[in-house]
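For reference, the chains in residue letters:
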Amino acid sequence: MNIDISTGKDRAAAPPVLRIAHLYKSFGAHHVLVDFNLELQKGESVVVLGRSGSGKSVLIKCIIGLLKPDQGTIMVLGVRVQDAKGESLDQLRAKVGFLFQSNALYDSMTVRENLEFPLRRHWMRLSREQVNERVLEALNDVGLAHTIEMMPEELSGGMRKRIALARTLILKPELILYDEPTTGLDPITGKEIIRLMTDMQQKYNTTSLIISHDMNCVKIAGKRIVILIDGKCYADGSYETFCRSSDARVKQFFE
Amino acid sequence: MQQETSIKLFLAEAGDLARFSARFFREAFRPPYEVAAFIRQCFVIGYRSLGLVSLTTFIMGLVLTMQLRPSMVAYGVASQIPAIVSIAVVREIGPVITALIFAGKIGSSIGAELGSMKVTEQIDAMEVSGTNPFRYLAVTRILAATLMLPVLVLLGDAIALYGAYLGVNIRGITSFNLFWSQVFDNLSFSDVLPAFIKSYFFGFAVGTVGCYKGYSSRKGTEGVGRSANSAVVVASVVIFIIDLLTVQIAEAIGIN
Ligand SMILES: Nc1ncnc2c1ncn2[C@@H]1O[C@H](COP(=O)(O)OP(=O)(O)OP(=O)(O)O)[C@@H](O)[C@H]1O
Ligand SMILES: [Mg+2]
């Protein structure tokens, strides 16, 4: 059942890429995450579904160490995120890509400088040619090589999202966290982004955690879906099983 | 009741600002140093305020001289105009006007820039890209502001005095050499030194308040505008407070 087809090995034997156990996070009296649990195996692509304000962004900010959880354990690639500091945290972050909900492109820098930033910051030993090569490769992956000298403000929303995706992919991360990759885009552009994401997933064999409430995205990208309600992992299953679910709180997403 | 909460808010804000400056000292003098970003900020911060500082200090020197002239003539000490003007400019007006202009130009742009970087998650993006954003953004700007303002003050003083020289020559004739020798004969070490030292503190205040306001910016464009605005207001008030404190301290240690 848990057999990886490509290698024939028992997947459960390998340590999970991401393991979240009993995660709690509150802001004052507002309990956002309450005993949240999740495990991701290598190569898996999981969508976390939840309503606006349910704490999806808080969840992935905890995973990358931008927010400190109140309680619980987050293990990423075998490292406990809460205990990692300084150098070791940076090393971990170099292996984890993060696509921000708002893209977070540096608007004082050109597209090229945006892409170079994580490269130069994480691997200071790359030569000029290697950096250029990587930047062009990442831009070609998202089909925007011609924008290399443009400023982010000159790009459309969909192009900005793709540049942000290229900036996330440039480090060839082992785990990618996507925060609502299709929000604010028209359905067609949204589908393009999702297709790009699944292509990259296959090309670099990454593990993905996708936050979304866009059903298109859920349908295409998520072989496995986790529903976040009341700060908990309320349900975990495939698209088909959820479509047939009789649970009222699950059904509201799939109508 | 209302007053009580606003006093509390003021104290909370002052506490946060103090904590922010403390963080600067904790982070600034530990490697890795962001040398390239620091040099770029020095250029940006110094160069961008150059024109405005030159213009305002020039006009101020000129106008100050013309305004002083009638009374000086009435007291029969018109020849003392360069001496009086140079003391006023070097000790007080030059540093304070330059610092206020600097607060308006640089404080607001730091507040708006960091504020919009904060609300669009660019600061978070830097952090996950293996960069300490506090060092990369705040420390470099605060250091650059601290080091550049004294340079601008020196320049502003010189330009203001040149304005004064032109002002003297509008009615009456004083040669260039005579004017400057009168200026330098009158200025002593104790006129220049406290003024120079306090402009470091002015620069530090502008940089710190700007970064603090940007960092604590609230979501939305309105939040960014408000941080830019309050960066200027708070920095200007802090400049006057520092001005008051330095004159007291200089008095106390006998270099006033
Ligand atoms: N820094 C913070 N301080 C206080 N409360 C916060 C903070 N960040 C998030 N919250 C609160 O946590 C809750 C969840 O926020 P979060 O941004 O994770 O929602 P979300 O599920 O990502 O929603 P959306 O789909 O709109 O992005 C919200 O109610 C929000 O008010
Ligand atoms: Mg969100």
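Reading guide: rules and limits
Note on numbering: residues in each chain are counted from 1, in written sequence order. Note on labels: chains are lettered from A, ligands numbered from 1, in written order. Under the rules for a predicted model, residues below a pLDDT of 70 receive no local features and side-chain atom pairs below 80 are neither given nor counted, while totals for whole chains, interfaces and linings still include all residues. Hydrogens are left out, water is left out, and the side-chain values use all remaining heavy atoms of the structure. Space inside and on the surface of the protein is sampled on a 1 Å grid over the protein atoms alone, with a cavity defined as a set of points where a 1.4 Å probe fits but cannot get out and a pocket as an open set with protein on both sides within 12 Å along at least 5 of 7 lines; lining residues have an atom within 4 Å of a point. Grid points are joined across faces, edges and corners, and a volume is the space filled by probe spheres set on the points. By the criteria applied, helices consist of DSSP H or I runs no shorter than four residues and strands consist of E runs no shorter than two, each listed in order from the N terminus. The residue classification treats Ala, Val, Leu, Ile, Met, Phe, Trp, Tyr, Cys and Pro as nonpolar and Asp, Glu, Lys and Arg as charged. All others, Gly included, are polar. A pairing counts as a salt bridge when a side-chain nitrogen of Lys or Arg comes within 4 Å of a carboxyl oxygen of Asp or Glu. Burial classes: relative accessible area under 20% of the type maximum marks a residue as buried, over 50% as exposed, and values in between as partly exposed (1.4 Å probe, protein chains only). Only the contacting stretch of a helix is used when fitting its axis, a line to C-alpha atoms as for every element, and angles between N-to-C directions run 0 to 180 degrees. By definition in this entry, angles of less than 35 degrees are roughly parallel, angles greater than 145 are roughly antiparallel, angles of 65 to 115 are roughly perpendicular, and the rest are oblique. Crossing handedness: left-handed means the near helix sits turned counterclockwise from the far one by under a right angle, and right-handed means the same turn made clockwise. By the convention used here, residues are in contact when the closest approach between their heavy atoms is within 4.5 Å. Only nitrogen, oxygen and sulfur atoms within 2.8 Å of the metal, or 3.2 Å for Na, K and Ca, are treated as donors, and water is left out, so sites may look incomplete. Definition used in this section: a nonpolar core is a set of buried Ala, Val, Leu, Ile, Met, Phe, Trp, Tyr and Cys residues joined via side-chain atoms within 4.5 Å.

- Named according to an unreviewed UniProt entry, chain B is Phospholipid/cholesterol/gamma-HCH transport system permease protein originating from Niabella drilacis.

- In the nomenclature of an unreviewed UniProt entry, chain A is known as Phospholipid/cholesterol/gamma-HCH transport system ATP-binding protein of Niabella drilacis.

### Details of empty space enclosed by the protein
Working step 1: Scanning the model with the defined rule gives three cavities of 30 Å³ or more in all.
Working step 2: Volume-wise, the largest cavity comes out at about 150 Å³.
Working step 3: For the largest cavity, the lining is made up of 16 residues, of which A:F98, A:R167, A:T168, B:V128 and B:S129 are closest to its centre.
Working step 4: Every element with two or more residues in the lining of the largest cavity is listed here: β6 (96-99), α3 (111-122) and α5 (157-169) of chain A together with α4 (122-128) of chain B.
Working step 5: The element that contributes the greatest number of residues to the lining of the largest cavity is β6(A), accounting for four residues.
Working step 6: For the lining of the largest cavity, the class distribution of residues is nine nonpolar, five polar and two charged.

### Examining unusual backbone geometry
Working step 1: The omega angle of the peptide bond from B:P31 to B:P32 is 0°, so this bond is cis rather than trans.
Working step 2: One can find B:P32 in the loop between α1 (2-28) and α2 (35-74).
Working step 3: With phi around 55°, A:A104 is a residue other than glycine that occupies positive phi space.
Working step 4: Position of A:A104 among the secondary structure elements: in the loop between β6 and α3.
Working step 5: Located in the positive-phi region is A:K172, a residue other than glycine, with phi close to 50°.

### Notes on the pattern of salt bridges
All names here are of chain A.
Working step 1: Taken as a whole, this structure holds 22 salt bridges over all chains when the rule is applied.
Working step 2: R224 is the partner of E44 in a salt bridge, and the nearest nitrogen-oxygen pair spans 3.1 Å. Placement of E44 in the loop between β2 (30-40) and β3 (45-49) and of R224 in strand β9 (residues 224-229) is noted, with a sequence separation of 180 residues between them. For the pair formed by E44 and R224, the shared burial category is buried.
Working step 3: For E149, the salt bridge identified is with R112, shortest N-O distance 2.9 Å. Note that E149 is positioned in the loop between α4 (128-141) and α5 and R112 in helix α3, a separation of 37 residues in sequence.
Working step 4: Using a relative accessible area of 49% as the deciding quantity, one classes E149 as partly exposed.
Working step 5: According to the relative accessible area criterion, R112 is partly exposed, its value standing at 22%.
Working step 6: Salt bridges sharing common partners tie together E44, R224 and D236.

### What about the packing of α3(A) against α5(A)?
Residue and element names in this part refer to chain A.
Working step 1: Taken N-terminus to C-terminus, the directions of α3 and α5 make an angle of 30°; their axes are 8 Å apart at the nearest point. As far as their axial angle goes, α5 and α3 are roughly parallel. Between α3 and α5 the crossing geometry is right-handed. Seen from α3, the contacting residues are V111, N114, L115 and P118; seen from α5, they are I163, A166 and R167.
Working step 2: Considering only residue class, the contact of α3 with α5 consists of five nonpolar, one polar and one charged.

### A short note on the coordination of the magnesium ion (ligand 2)
Working step 1: Around the magnesium ion (ligand 2), the protein supplies A:S57 (OG) and A:Q101 (OE1) as donor atoms, at distances of 1.9 to 2.4 Å. Here A:Q101 lies in the loop between β6 and α3 and A:S57 lies in helix α1 (residues 56-63), a separation of 44 residues in the sequence.

### Considering the nonpolar core
Working step 1: Membership of the largest hydrophobic core comes to 77 residues, with the highest contact counts inside it found for A:L18, A:I20, A:I63, A:I74, A:V76, A:L177 and A:L209.
Working step 2: With twelve residues, the single largest contributor to this core is helix α5 (residues 133-170) of chain B.
Working step 3: Contacts of A:L177, omitting those with residues within four sequence positions, involve A:I60, A:I63, A:I64, A:V96, A:G97, A:F98, A:L99 and A:L209.
Working step 4: Grouped together as the second largest cluster of nonpolar side chains are 43 residues, A:V111, A:L139, A:A221 and A:I227 included.

### Re the packing of helix α3 (residues 81-119) of chain B against helix α6 (residues 176-186) of chain B
Residues and elements named next belong to chain B.
Working step 1: Packing of α3 against α6 brings their axes to within 8 Å, and their N-to-C directions diverge by 55°. Relative to α6, α3 is oriented oblique. Where α3 crosses over α6, the handedness of that crossing is right-handed. Residues P82, A83, S86 and I87 of α3 touch α6, and the partners they reach there are F179, Q182, V183 and N186.
Working step 2: Each residue belonging to the contact of α3 with α6 can be placed in one class, and the counts come to five nonpolar, three polar and no charged.

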